[in-house]
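Observations on the three-dimensional arrangement
The residues making up each chain are set out below.
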Amino acid sequence: MTPFMQQVQELLDGGEQVEPRTVPSEEVTVAEAADTQVIIRSLAEQLVSEANAILVDDPATGIISLVDETGPGALAFTLGYGGRSARVETVVSGHTATAQLIVGGVPQSRRLAGEDEMAALVLDLIAG
């Protein structure tokens, strides 16, 4: 088992959950924002796969979904679990882009504080 899989199991066994750290959203170049979105999305896929390997043992809980969404002016993906959701999106406007986190359908003018916070976001989604 990976260290993240162990964290998922510990959470399911009643361990404490820490919310992901966020920082205010800010405009950056499109290239920088797209690069960050791709890195975070890739990490999300890895973490969701690891979490689902643990969650699949309990059919009552289901597994985490990961849905990509692209369209004019935006790159996004949504994680879903047990009726809860978290969306990470990057919205492009001209030559700049802004990342934001949408949890439970509520947009925030905030983004994850860094790549490491993706693990905390997945765990927070599981914890409910």
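The structure we're discussing is the one just above.
Read on for an overview of the structure. (Residues numbered from 1 in each chain as written. Predicted model: local features only at pLDDT ≥ 70, side-chain atom pairs only at ≥ 80, totals over all residues. Heavy atoms only, no water.)

**Things to note about the pairing of strand S5 (residues 84-93)**
- For strand S4 (residues 74-81) and S5, the ladder comprises eight bridges, and the chain directions are antiparallel. Opposite alanine 76, over in S5, you have glutamate 89 as the bridge partner.
- Where S4 hands over to S5, the hairpin turn is made up of two residues, of which glycine 82 adopts a positive phi near 55°.
- Here S5 runs beside strand S6 (residues 96-103); their pairing, made up of eight bridges, is antiparallel. Directly across from valine 91, in S6, lies its bridge partner threonine 98.
- In this structure, the hairpin formed by S5 and S6 is closed by a connection of two residues, where glycine 94 is found at a positive phi of approximately 70°. (Pairing = 2+ DSSP bridges. Helix = DSSP H or I, 4+ residues; strand = E, 2+ residues; numbered from the N terminus.)

**As for the pattern of salt bridges**
- All chains considered together, the criterion is met by six salt bridges.
- Here glutamate 45 and arginine 41 are joined by a salt bridge, their closest N and O atoms 2.9 Å apart. Taken as a pair, glutamate 45 and arginine 41 lie in helix H2 (residues 30-55) at a separation of four residues, close to a single helical turn.
- With a relative accessible area of 44%, glutamate 45 lands in the partly exposed category.
- Take arginine 41: its relative accessible area is 18%, and that puts it in the buried class.
- Measuring nitrogen to oxygen at the nearest pair gives 2.1 Å for the salt bridge that ties glutamate 69 to arginine 87. (Salt bridge = Lys/Arg side-chain N within 4 Å of Asp/Glu carboxyl O. Buried < 20%, exposed > 50% of the residue type's maximum accessible area, 1.4 Å probe, protein only.)

The values reported here are purely geometric and, on their own, carry no functional implication.
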